[in-house]
Protein chains: 2
Amino acid sequence: MKQSSLFTKTIKENLKDEESINAQLLIRGGFIDKLMAGVYSYLPLGFLVLKKIENIVREEMINISGQEVFLPALHPKENWEITNRWQQEENIMFKFKNQRGKDMGLGWTHEEIITPLVKKFVHSYKDLPVYVFQIQNKFRNELRAKSGLLRGREFIMKDLYSFHKDEKDLDNYHEKAKKAYFKIFDRCGIKKQTFLTYASGGAFSKYSHEFQTITPYGEDEIYLCEKCRLAINKEIIKESNYQCIQCKNKDLKIKKAIEVGNIFKLKDRFSKPFDLKFKDKNGEEKIIMMGCYGIGISRLMGAVVEVYHDDKGIIWPKNVSPYLLHLIRIEKDKEIINKTDKIYNDLQKEKIEVLYDDREDKTAGEKFSDADLIGIPYRVLLTKKTLEKECVEIKKRNEKKSKLIKIKDVIKFVKEISK
Amino acid sequence: MKQSSLFTKTIKENLKDEESINAQLLIRGGFIDKLMAGVYSYLPLGFLVLKKIENIVREEMINISGQEVFLPALHPKENWEITNRWQQEENIMFKFKNQRGKDMGLGWTHEEIITPLVKKFVHSYKDLPVYVFQIQNKFRNELRAKSGLLRGREFIMKDLYSFHKDEKDLDNYHEKAKKAYFKIFDRCGIKKQTFLTYASGGAFSKYSHEFQTITPYGEDEIYLCEKCRLAINKEIIKESNYQCIQCKNKDLKIKKAIEVGNIFKLKDRFSKPFDLKFKDKNGEEKIIMMGCYGIGISRLMGAVVEVYHDDKGIIWPKNVSPYLLHLIRIEKDKEIINKTDKIYNDLQKEKIEVLYDDREDKTAGEKFSDADLIGIPYRVLLTKKTLEKECVEIKKRNEKKSKLIKIKDVIKFVKEISK
């Protein structure tokens, strides 16, 4: 992509109406735009990041046998009355009537939709287990939207639902999902900072599992056992006697963190009201056990920025960066223009993701600070000086030193780093 | 994908509450499910079709320099008041208040969002043109939802918006978009049945351009000039004097059709109220000219089914079929099982899209009628009889005759047909 044609521009100044680091940097870098409190547009650069994260999540869900669907955002009141959540969770849902006076709401989760849907297709033990997931925009009528992409009124979620013949099967899949989640956080570059965290199980079970990513401005507070790499959410720390749930260690570190995922054993919380049963091998009717597994795709994008930035801008981990390379031209000499154009074209041919700062009306200083703000992992620069050595200068966003690479070896180098 | 693990099942009987062919066949085939009138879930097979269409549309939009974004579904009332459409189009929009009493609505189109967004980044002639598109769920508070995927309350749209320095530039891009649209319809298999159609320009201009696909149960009526391959929508036929707009031919054929796309020259309809201007080369302020270009992704899916089906089921065009091959096993002989498994695994290794009917509890008849209902273009069958000749039988969904292909040549054959 040529930066001269990129629809967005960076913003130099700090924004007054955004407190969170993720919103500040993502808006200033041209990744997102705020339409109103808690509601953001994803602009071309931000859309690329979103798709990168989406694809990582999608691949790992398919790896644990997830089948992808796309469920509606418009929900009928009736489904939510069956589980008593139309009233119980009154304020979370945006509600309205259609032209015919029918009550509807906007989905903030999809148990009320997926459970009766699965009931249409699952009758026998032979039809189980079922794993269904979707990646979709969801809506919450939050009283206070805050923290940029971390707590929005409209956001993008992956939610997977699993259906099992018994609790043991649910438990096994729960373990599998846990591992898949850590693979996702690993591929997104935040595994090191992310901890399985015991939290309140809500109406479903004693504990639920959250995945919390440590950052200085996290909304949540967790008590971390570094030995077990396990944490306990503040909300249940008293209940767990200020001890690690696994090793009973009392030396827990208090950390701010962002919840980037959660997995629940729903058991029969939803299958019961929807009467979702199956016939086992002996023809006996049994209730189906359910699990649900959420990851906020847009929230994860925000969390990555909270973890990876400095005072100049974002520092994208390679796998979720909008581009792998930021090719920059700062000299107006014809030979430099032609040679940089050629490098760009060669990279394009090899399908290497590159943003090419070919803008004519920007100084070197402006281009470098834009590059730092946007945060693409590798900056590639050709100047008269590097050309004398038939080289380009390559600098990692998070390192001060740069190195020279022969122009003819650029593709090879890039293939090496993109492994 | 093994059919024994596929989450959905087919439905044998005709559905009483669906009048349209597309909804009948798509629900019975397990592609979609109706949550309520005009609101459908996309199930694994349907999701695959949706993604195929989406990717075709995406590629052609990128080919005409479109940059992809993702805009919110939640819209603030203020933006719609600026263009007077909050009141004017009162009933189309789902409207509600958030917890703080702020009025919002659900987007059924995005001019009111994209125009002020572009205003943030475009100031000079150097920033133009801009082409932005998105693929997203949209919402219409229809009094009567009908015709399955053709007129829903929630649906998936691609909308592209273009921004130009003058009308000439808009006109040129409009022509380019027209060609891109025909490429899309060609790739989706419905170009032959699809005609550029003059329709009412609404508030924007004398005429707008629609793309109408002829099918016996289309909602619209068009007057077709077969010579020019041009049509006129019934709504303006009187105005155009019952003549072809191009060649003045009066021998027009009246046909039922489905609108699968539309392109509008918006000119200054939205840039004016939002005061979207730019400075030209002489530093003079000028109003920006806009165009918009829509394709209903889910509607296109419905239209393809309306065009391609018979009394047994759907007949997917290759490029939008959930899978290219339907591999079917009807004999329980161990050798047949092993050899069919091997063919499946070999196809999987080559990343060839195949649905494998490995179900143990279905008869040959049931499997064949399911295959016809689901409508994958090629059916592949291994039996003792074909094995004697070291062959599989391959039958096209829309042909009666089958042919024998050597097992060792299956991959080669498939690569040939998938070109």
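Presented here is a report on the structure given in the accompanying data block. A quick note: this is a predicted structure, and the numbers were derived from the prediction, not measured. Residue numbers here run from 1 along each chain, matching the order of that chain's written sequence. Throughout, the order in which chains and ligands are written sets their labels, letters from A for the former and numbers from 1 for the latter. Predicted model: local features are reported for residues with pLDDT of at least 70 only, side-chain atom pairs are reported and counted for 80 or more only, and whole-chain, interface and lining totals are derived from all residues.

Our focus in this paragraph is the overall build of chain A. Secondary structure assignment for chain A yields 12 helices and 23 strands. Overall, the C-alpha framework of chain A stretches about 80 × 60 × 45 Å when taken along its three principal axes. Think of it as a crowd count around each C-beta: if 20 or more other C-beta atoms lie within 10 Å the residue is buried, if 12 or fewer it is exposed, and in between it is partly exposed, with C-beta placed from the backbone throughout. Scored against the burial criterion, the 419 residues of chain A give a buried share of 47%. Intrachain contacts of chain A at a sequence separation of at least 6 include 68% that bridge at least 24 residues. In DSSP terms, a helix is any run of H or I states spanning at least four residues, a strand is any run of E spanning at least two, and both are numbered starting from the N terminus. Residue pairs qualify as contacts under a 7 Å threshold applied to their C-beta atoms, which are placed from the backbone.

As a general point, the strands of a sheet are linked pairwise by backbone hydrogen bonds and lie either parallel or antiparallel. All names here are of chain A. Whether two strands pair comes down to DSSP finding at least two bridges between them. Reading across from one edge, S20-S19-S21-S22-S23 is the order of the five strands in this open sheet, with mixed pairing throughout. Unpaired on one side and paired on the other, strand S20 (354–357) and strand S23 (402–406) mark the two borders of the sheet. Averaged over all neighbouring strand pairs, the angle between strand axes comes to 25 degrees, with direction disregarded. Looking at chain direction, strand S21 (residues 378–381) and strand S22 (residues 391–396) are connected through four bridges and run antiparallel. Counted as the bridge partner of Leu381 is Glu393 from S22. Lying on the sheet, helix H9 (residues 334–349) is in contact with strand S19 (325–328), S20 and S22; it crosses S19 at an angle near 160 degrees. For helices, the fitted line uses only the C-alpha atoms of the stretch in contact; every axis is such a line through C-alpha atoms, and the angle between N-to-C directions lies from 0 to 180 degrees. Its contacts with the sheet place helix H10 (residues 364–374) against S19, S20 and S21, and it is angled at close to 175 degrees to S19.

Quick look at the relation of the copies chain B and chain A now. Superposition of the copies used a least-squares fit over C-alpha atoms from residues whose pLDDT is at least 70 in both. Rotating chain B by 180 degrees and translating it 0.0 Å along the rotation axis places it on chain A, where the RMSD comes to 0.0 Å. Considering both components of the superposition, the chain copies are consistent with a two-fold axis. Judged by C-alpha distance, Phe96 of chain B is the residue of chain B that lies nearest the rotation axis, at 2.9 Å. Most of the interface of chain B is mirrored in chain A, where 100% of its interface residues are also at the interface.

Residues and elements named next belong to chain A. Considering the arrangement of structural elements, one finds Val122 in the loop between helix H5 (111–121) and strand S7 (130–139). The exposure class of Val122 is buried, given the 20 C-beta atoms found within 10 Å. In this structure, the C-alpha to C-alpha distance between Val122 and Phe278, residues 156 residues apart in sequence, is 6.9 Å. Ignoring any residue separated from it by four or fewer positions in sequence, one finds Val122 in contact with Asp127, Leu128, Val130, Phe163 and Phe278.

It is common to report an interface's size as the accessible area lost on association of the parts. On the side of chain A, 41 residues touch chain B, which itself brings 41 residues to the contact. Elements with a contribution of two residues or more to the side of chain B that touches chain A: strand S1 (32–36), strand S2 (39–42), helix H2 (44–63), strand S3 (67–68), strand S4 (74–76), strand S5 (95–97), helix H5 (111–121) and strand S7 (130–139) of chain B. In terms of residue class, the side of chain B that touches chain A is built from 26 nonpolar, eight polar and seven charged. Amino acids are sorted into nonpolar (Ala, Val, Leu, Ile, Met, Phe, Trp, Tyr, Cys and Pro), charged (Asp, Glu, Lys and Arg) and polar (every other residue, Gly among them).

This part takes up unusual backbone geometry. Residue Leu128 of chain A is joined to Pro129 of chain A through a cis peptide bond whose omega torsion reads -5 degrees. Even without being glycine, Asn84 of chain B reaches a positive phi, approximately 65 degrees. Residue placement: Asn84 of chain B occurs in the loop between helix H3 (77–82) and helix H4 (85–88). C-beta crowding within 10 Å serves as the criterion here: with 11 such atoms nearby, Asn84 of chain B is assigned to the exposed category. The phi angle at Ser147 of chain B is positive, at roughly 60 degrees, despite the residue not being glycine. Assignment of secondary structure puts Ser147 of chain B in the loop between S7 and strand S8 (154–164).

Residue and element names in this part refer to chain B. If you walk across this open sheet you meet the five strands as S20-S19-S21-S22-S23, and the pairing is mixed. Only two strands of the sheet have a single neighbouring strand rather than two, namely strand S20 (354–357) and strand S23 (402–406). Averaged over all pairs of adjacent strands, the angle between their axes in this sheet comes to 25 degrees, without regard to strand direction. Note that strand S22 (residues 391–396) and S23 share five bridges and pair antiparallel. Its bridge partner lying in S23, Glu393 is registered against Leu404. The sheet contacts of helix H9 (residues 364–374) involve strand S19 (325–328), S20 and strand S21 (378–381), and relative to S19 the element is tilted by about 175 degrees.

It is worth spelling out the packing of helix H2 (residues 44–63) of chain A against helix H6 (residues 167–187) of chain A at this point. Residues and elements named next belong to chain A. Contact geometry of H2 with H6 gives a least axis separation of 10 Å together with a crossing angle of 155 degrees. Taken as axis vectors, H2 and H6 run roughly antiparallel relative to one another. The handedness of the crossing between H2 and H6 is right-handed. Contacts between H2 and H6 involve Ile56, Val57, Glu60 and Asn63 from the first element and Ala180, Lys183, Ile184 and Arg187 from the second. Of the residues that constitute the contact of H2 with H6, the class distribution is four nonpolar, one polar and three charged. Here the angle decides the label: under 35 degrees means roughly parallel, over 145 means roughly antiparallel, 65 to 115 means roughly perpendicular, and every other value means oblique. The hand of a helix crossing depends on one turn: near helix anticlockwise from the far one by less than a right angle means left-handed, and clockwise means right-handed.

Read these as spatial facts, not as claims about activity.
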